[in-house]
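Examination of the molecular architecture
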Amino acid sequence: MHNCLVVCYSRSGHTARIGKEFADLCGADLEFIDDVSSRSGPLGYLRSVYESLFHKEPRINTSGKDPGDYAVVVLGTPVWAGNMAAPMRSYLARHRMRFHRIALFCTMGGRGGDRTLEEMADLCGKAPMARIAITDAEIRRGSYRSKLQSLQSRALELEMS
Ligand SMILES: Cc1cc2nc3c(=O)[nH]c(=O)nc-3n(C[C@H](O)[C@H](O)[C@H](O)COP(=O)(O)O)c2cc1C
């Protein structure tokens, strides 16, 4: 079994950047969730709000890595309308029975992180070993890195226990 898989969805790049940085830090594998239909422009934005508010599960693509092959799966999503992004909901619906341990992170303008992470944990039916919420301002300033390091320390601690 491999140690860690980072799985993230990102519409505009923030969550992907954090996910990639964390994967590099830990030597983890990385899986991106891709949209089947484009979410660009105002219509894409509105559809995203609608799908998140009404807990839709849109069609997604991944490269097909099996999260069941990993001791820890780190799941990252942007906050959309106070919820997880709809494509992450699709991923969790499809794979949640395969997870061993999970850690969660979200990116956001500033509101809805706690609720989003709570909802992801509920859907997975597991208590996450760590959870972090990162604001867009922290991404701009680069001050999120201490949060990533605490997530990495927690993962190492568990590996040794
Ligand atoms: C459809 C949509 C809804 C959003 N809703 C929220 C929200 O409820 N609360 C919030 O703090 N930020 C919200 N945001 C901002 C994003 O969560 C934030 O910019 C995030 O970093 C984007 O991540 P990404 O670049 O990986 O897509 C929303 C963005 C989009 C596109």
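Everything here concerns the structure above.
Everything numeric here is computed off the predicted structure, so don't read it as measured data.

Brief notes about the overall build of the protein
From N to C terminus, the protein includes six helices and seven strands. The secondary structure elements of the protein, listed N-terminal to C-terminal, are β-α-β-α-β-β-β-α-β-α-β-α-α. Rg of the C-alpha trace for the protein: 15 Å, near the compact-globule value of 15 Å for 161 residues, within the 12% margin. Of all 161 residues assigned to the protein, the portion counted as buried reaches 47%. Residue pairs in contact within the protein that sit at least 24 positions apart in sequence constitute 78% of those at least 6 positions apart. In the structure as shown, the protein presents an accessible area of about 8,100 Å², 50% of it carried by carbon and sulfur atoms. Of the charged side chains in the protein, 22 are positive and 18 negative; the average position of the first set lies 4 Å away from that of the second.

Focus: the site of the ligand
Around the ligand sit 20 residues, and of these S10, S12, T15, V79 and D136 come closest. In the environment of the ligand, an oxygen atom lies 2.8 Å from a nitrogen or oxygen atom belonging to the backbone of H14. Between the ligand and V79, the relevant distance is 2.7 Å, taken from an oxygen atom to a main-chain nitrogen or oxygen of the residue. In the complex, the protein chains occlude 85% of the 640 Å² of accessible area that the ligand would expose alone. Every element with two or more residues in the shell around the ligand is listed here: helix 1 (14-26), helix 2 (41-53), strand 4 (70-80) and strand 6 (101-108). Looking at side-chain class alone, the shell around the ligand contains seven nonpolar, 10 polar and three charged residues.

Structural notes on the pattern of salt bridges
Under the defined criterion, the tally for this structure stands at nine salt bridges. Here E51 makes a salt bridge to R39, at a shortest N to O gap of 2.6 Å. Of the two residues, E51 sits in helix 2 while R39 sits in the loop between strand 2 (29-35) and helix 2, which places them 12 residues apart along the sequence. Across the pair E118 and R131 runs a salt bridge, and its minimum N-O distance is 3.2 Å. With E118 in helix 4 (residues 113-124) and R131 in strand 7 (residues 131-135), this pair connects stretches of sequence that are 13 residues apart. Residue E118 is classed as partly exposed on the basis of its relative accessible area, which comes to 40%.

Quick word on helix 4
One turn of the α-helix equals 3.6 residues, which is why residues spaced by three or four share an orientation. Taking 1.5 Å per residue as the helical rise, helix 4 with its 12 residues ought to reach 16 Å, and the 17 Å between its terminal C-alpha atoms agrees with that figure. For helix 4, the complete set of buried residues consists of G113, T116, L117, E119, M120, A121 and C124. Of the surrounding elements, those touching the buried residues of helix 4 are strand 4, strand 5 (83-84), helix 3 (86-95), strand 6 and strand 7. Trailing helix 4 by a residue or two, G125 shows a phi angle of about 70 degrees, which is positive.

Side note on the nonpolar core
Formed by 26 residues in total, the largest nonpolar core has its most connected members in L75, M88, Y91, L92, F99 and M120. Among the elements of the structure, strand 1 (2-9), strand 4, helix 3, strand 6 and helix 4 are those that each provide at least two residues to this core. Setting aside residues no more than four positions away along its own chain, Y91 makes contact with L5, V7, I33, I60, T62, P67, L75, R96 and F99. Counting 20 residues, the second largest nonpolar core, distinct from the first, contains V72, M129, A130 and I139.

Parameters and conventions
- Residues numbered from 1 in each chain as written.
- Predicted model: local features only at pLDDT ≥ 70, side-chain atom pairs only at ≥ 80, totals over all residues.
- Heavy atoms only, no water.
- Helix = DSSP H or I, 4+ residues; strand = E, 2+ residues; numbered from the N terminus.
- Rg over C-alpha atoms; globule rule 2.2 N^0.38 Å.
- Buried < 20%, exposed > 50% of the residue type's maximum accessible area, 1.4 Å probe, protein only.
- Contact = heavy atoms within 4.5 Å.
- Areas by Shrake-Rupley, 256 points an atom, 1.4 Å probe, with all protein chains shown as cover.
- Lys, Arg positive; Asp, Glu negative; His and termini not counted.
- Charge placed at Lys NZ, Arg CZ, Asp CG, Glu CD.
- Near = heavy atom within 4 Å.
- Polar contact = N/O pair within 3.5 Å; in protein donor to acceptor, adjacent residues only side chain to side chain.
- Nonpolar A, V, L, I, M, F, W, Y, C, P; charged D, E, K, R; others polar.
- Salt bridge = Lys/Arg side-chain N within 4 Å of Asp/Glu carboxyl O.
- Expected span 1.5 Å × (residues − 1).
- Core = buried A, V, L, I, M, F, W, Y, C linked by side-chain atoms within 4.5 Å.

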